[in-house]
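Close look at the chain arrangement
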Amino acid sequence: MIRIVGLSKTFESAEGEVEALSDVNIDIEEGTIVGIIGMSGAGKSTLVRCINMLERPSEGKVFVDGTDMGALDAAGLRKARRGIAMIFQQFNLLMQRDCLANVRFPLELAGLSGRKANEKAKELLDLVGLPDKARAYPAQLSGGQMQRVAIARALATEPNVLLCDEATSALDPSTTHQILSLIKDINKRLGITVVVITHQMSVVQEICDRVAILDGGRVAEQGLVAEVFAAPKSDAGRRLVFPGRPDARVSVSGNDRQLRIVFRDSQTTSKPLVATMAVEKGIVATVISASTQQISGDVYGSILLGLPASKFEEAMEYLESFGNLTVEEVTEIV
């Protein structure tokens, strides 16, 4: 559905050239929800704006449904963009228009007006759960309601692709969950391909099928969300999946080595691995940090341990004998 091939983007600044993206290659299958995640400045928003050519790549190509977006003339690009909708962090609603008129606006631009445009706009407001807000103005709505109107407006031209640029960053956690549930429902109901730009792993975890991690304008790693969460291979992935540093209150001997266990499924989660290792092998470990989370119906967790250097290899061998575990030495907390 979407193919990003060798894409690079360089901006001119007072200090010289700034490379925002470098040799980005991502394939997005039709009907999927794909997250593009990274820290601030990683190039996420630049990348999503290159998909619909709001930003022209310096190098590389973007194909949407087989069409080379960069090869289109102005008229062809306007036509193609009707199939690629976008929602933003700040909603971008027309404050002087009521909700019905906001949703109707792209229909008017496409040449549809009057009763048919009103009927279509009302259907879309109903789809996003706001049938009673047709005559309300944006200033009278909550943030979540404004984003619902923005989603309804984005769907007016019946797009095949929905680009979400930090669409929930301005919302509280409860409203974020509601909006993400709505996006997921729209994806299933309408079959729209969704690209989610975010800096929050929780957003990717909740609705995405696949994820690409950007770091310094490059793709650090990509794959199924569950696989990346279970065993991130890049430093950028580890920073996102295992954020933070060990609790300063935990005392770890200077002779200790650190080991991370990442486990999958509720059976493994329920096993007292550290206690069992102490009883069976006489290896006492310090638990530095631990967490669990659910992704796509599976339970994932991680434990960061401090182990005596003299027992480290034995502990590694013992823990690797368990199924559904990934065990690695941590030389630096990222």
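Quick note: structure is the one above.
Let me sum up the structure you'll find in this document. (Residues numbered from 1 in each chain as written. Predicted model: local features only at pLDDT ≥ 70, side-chain atom pairs only at ≥ 80, totals over all residues. Heavy atoms only, no water.)

So, unusual backbone geometry
Here is the rule: Comment: elements are numbered from the N terminus, with helices defined as DSSP H or I runs of at least four residues and strands as E runs of at least two. Three labels apply to residues, based on accessible area from a 1.4 Å probe with only protein chains included: buried if under 20% of the type maximum, exposed if over 50%, partly exposed otherwise in between.
Located in the positive-phi region is Asp23, a residue other than glycine, with phi close to 50 degrees. Counting through the fold element by element, Asp23 comes out in strand β2 (residues 16-28). On the basis of relative accessible area, Asp23 is assigned to the partly exposed category, the value being 47%. Despite not being glycine, Glu158 has its phi angle at roughly 55 degrees, a positive value. The residue Glu158 is located in the loop between α5 (143-154) and β7 (161-165) in this model.

A closer look at the sheet that holds strand β9 (residues 210-215)
Inclusion rule: What makes two strands pair is DSSP finding at least two bridges between them. All axes are obtained by fitting lines to C-alpha atoms, using only the stretch in contact for helices, and the reported angles, taken between N-to-C directions, cover 0 to 180 degrees. Note on contacts: a residue pair is in contact if any heavy atoms of the two residues lie within 4.5 Å.
In space, the six strands of this open sheet follow the order β6-β7-β8-β3-β9-β10, with mixed pairing throughout. For this open sheet the edge positions go to β6 (84-88) and β10 (218-224), each flanked by a neighbour on one side alone. Pairwise comparison of adjacent strand axes, ignoring direction, gives a mean angle of 15 degrees for this sheet. Bridge count between strand β3 (residues 33-37) and strand β8 (residues 193-198): five bridges; the pairing is parallel. Directly across from Ile37, in β8, lies its bridge partner Thr198. Sheet strands in contact with α5 are β6 and β7, and its direction is about 170 degrees off that of β6.

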